[in-house]
Amino acid sequence: MGKIVKLDKLIIERIAAGEVVERPASVVKELIENSIDAEASTIRVELSDAGLKKIRVIDNGVGMDKDDAVKALERYTTSKIKSLEDLYCIKTLGFRGEALASIAAVSRLEIVTRTQNSEIGTRVVAEGGVIKIVEPIGAPIGTTVTVYDLFFNAPARLKFLKSRTVELSHSVDIVTKYALIFPDISFELSNDGTQLISSPQADNILEKIVHIYGTEIARNMIQIDVVSDNLHLYGYVSKPSVTRSTKKAMHVYVNKRFVISNLFHNAILDGYRSMFFRGRYPICVLNLEIDPNEIDVNVHPTKLEVKFKDENKVFHFISEAIREALLSEELEPEVDVERIAEIETSPQTGIQPTQANITRSEQPPVPISSQITPSKPLVQTTLEKTILSIEEISRLTQQYKIPWNIVGQVAKLFIIAYDDENMYIIDQHAAHERILYEKLLSEYESGEIKKQTLLEPILVSFPIREALILKDNLDMLNKLGFEIAPFGEDSFVIRAVPVIMKKVDNMNDLKEFLDELLELEGVKRRKIPSVHEIFALMACKAAIKDNDVLDADMMANLIKEMHSVPKDPYHCPHGRPTILAIPLKKLRRLFKRTA
Ligand SMILES: Nc1ncnc2c1ncn2[C@@H]1O[C@H](COP(=O)(O)OP(=O)(O)O)[C@@H](O)[C@H]1O
Ligand SMILES: [Mg+2]
């Protein structure tokens, strides 16, 4: 006799259940989705013991009649699609007709439901997937599903659950996500009688953001609402100053179904490119409305994944929509001088305002008179600072036609300048990075990155794995102004570099650049890094460094070029600030000058 036997129906049910029901939060998700599909306007979720003892979802939706309430528990029974064609244009959150069957298979489940057309409701009770009771019962219109003792018959599953706190937080996430994107539905979540989320019906998503994240965050959100080419993206994203260390607050939805989509996340981050640090993530609530024909959500039983037919189109649409919205905001970073002053004068630090930051050096202070010697433009250059004379300041403003007066360089890193309104502190490296980055981008967009042939070709070699990755990326590098060709197994010969990088013309610097290039996330993972990532790195390598002493003209040039950066000069391509503006008004207030 052969070894293969057909599995018994209950075993099949149990295996299938594992795909949909991983933890209490999976149940919460499926039940909420059913309530939303049933057009409920209020959905209440009550948990006991983080959902392990009891998960109850109460809705005021359309309800079910007796027959449907029984059928609903069978696998692959659904009211949401009928034919194969329907599968390609799904408009509801559910469609696979297996959630209730899967949940029932691993719990004791009770449905109490009534439709508008019926005087009396129905109660169905099942245990481990077997229906035990079907009876009439008095009930309000809508459906209440209660799941007791989840995984009572699947002890292995129970072992895989995390702590109560973790399990509860997953359920909080689910309710949060749906509360945010369905403003016209009221959501509540409680555990052991403690209310955790209360998000009443609202007029718009922003009000929901207030319920979930509070007014302070909501005030720092930027609205997105862009339609183009059959795509509609709407919702809110946080200003670059409001970020988190994880992607948890990046709520993304496709046709209001929340999804896990790297493409969507990356497109958003690409929209923010260079506006904040690597490893920081924005808060966002964004829904993409797209023709159901253009996507496939039937990738996995949890319906969390989505595939786009035209990934490039979707990526660019999202990224550009966000970019545009962000750039239309006033994003100039401003120092919170009052807060700095508070820290400096707080009793803990013991620093008095008059002494703040002034340390007495051994050397005698530079006499004031020497700073205004007309004959010497560069009056004072020590290792630490360069201070310009008044004449020099006005020469620069006129010659370079810059709106700021440059005072000088401090700590071989910061340029100090001012105009009638603000005092500016410029990070020379970050600022120069931004300038070079923009130049690269504009050359690239106009079709050609200017290159410079090296006096002598340079040979670099890599460990074999890196060499392979580099080979994969050669085409792209050669499009970006380099001339690099393989030279044997693990070596490469470099004949030209982009003009902007002409400073990087020796083996050590080029090797370092390529090493870092190979470390870029994009190069390592997707193998197709974004041009942005590479330009940011190129700009970084070619820019003025921290510790470079600048003369007056170099400073003026830098400031002049800063002013011609077309978009967002206030951040370097990695997202660090380039300029801090301190309003003179604030400074006056700090020095207790009220007039
Ligand atoms: N809260 C509810 N209100 C009304 N009908 C419901 C509710 N939950 C489930 N149903 C009905 O039960 C069917 C099966 O639900 P489910 O197993 O989740 O599959 P699906 O949602 O994929 O159709 C649904 O198609 C729907 O007709
Ligand atoms: Mg469902």
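Cut-offs and rules
Residues numbered from 1 in each chain as written. Chains lettered and ligands numbered in written order. Predicted model: local features only at pLDDT ≥ 70, side-chain atom pairs only at ≥ 80, totals over all residues. Heavy atoms only, no water. Helix = DSSP H or I, 4+ residues; strand = E, 2+ residues; numbered from the N terminus. Buried < 20%, exposed > 50% of the residue type's maximum accessible area, 1.4 Å probe, protein only. Contact = heavy atoms within 4.5 Å. Areas by Shrake-Rupley, 256 points an atom, 1.4 Å probe, with all protein chains shown as cover. Salt bridge = Lys/Arg side-chain N within 4 Å of Asp/Glu carboxyl O. Core = buried A, V, L, I, M, F, W, Y, C linked by side-chain atoms within 4.5 Å. Domains from an automatic or database assignment. Near = heavy atom within 4 Å. Polar contact = N/O pair within 3.5 Å; in protein donor to acceptor, adjacent residues only side chain to side chain. Nonpolar A, V, L, I, M, F, W, Y, C, P; charged D, E, K, R; others polar. Patch = residues over 30% accessible without salt bridge, like charges linked within 9 Å, V, L, I, M, F, W, Y side chains within 5 Å.

## Things to note about the overall build of the protein
When helices and strands are tallied, the protein shows 20 helices and 26 strands. Scored against the burial criterion, the 595 residues of the protein give a buried share of 49%. Of the contacts made within the protein by residues no fewer than 6 positions apart, 66% connect residues no fewer than 24 positions apart. In the form shown here, the protein has an accessible surface area of approximately 30700 Å², with 53% of it arising from carbon and sulfur atoms.

## As for the pattern of salt bridges
Per the counting criterion, the structure on display carries 21 salt bridges. Between arginine 164 and aspartate 49 there is a salt bridge whose closest N-O contact spans 2.9 Å. In this pair, arginine 164 is assigned in helix H7 (residues 164-181) and aspartate 49 in the loop between strand E1 (42-48) and strand E2 (54-59), connecting sequence segments 115 residues apart. Classification of aspartate 49 by relative accessible area gives partly exposed; the value is 23%.

## A short note on the nonpolar core
Of all hydrophobic cores here, the largest spans 61 residues; its most connected members are Ile32, Tyr178 and Phe187. Top element by residues in this core is H7. It accounts for seven residues. Residue-level mapping places this core at the junction of two domains, with at least three residues from each of domain 1 (9-191) and domain 2 (205-327). Beyond its immediate chain neighbours, meaning those up to four positions away, tyrosine 178 contacts Ile32, Glu33, Ile36, Leu93, Phe187, Lys256, Arg257 and Phe258. In this structure, Val460, Ile484, Leu520 and Leu537 belong to the second largest nonpolar core, which totals 39 residues.

## Some remarks on the site of ligand 1
Neighbouring ligand 1 are 18 residues, the closest being Asn34, Thr78, Ser79, Lys80 and Gly97. In the model, an oxygen atom of ligand 1 is placed 2.5 Å from a nitrogen or oxygen of the threonine 78 side chain. Separating an oxygen atom of ligand 1 from a backbone N or O atom of alanine 99 is a distance of 3.2 Å. For the shell around ligand 1, the per-class residue count stands at six nonpolar, eight polar and four charged.

## A short note on a nonpolar patch on the surface
Together, Leu7, Ile11, Ile12 and Ile15 give the surface a local cluster of nonpolar side chains, amounting to about 340 Å² of exposed area. Within the secondary structure, isoleucine 15 sits in helix H1 (residues 9-20). On the accessibility criterion, isoleucine 15 (53% relative accessible area) is exposed.

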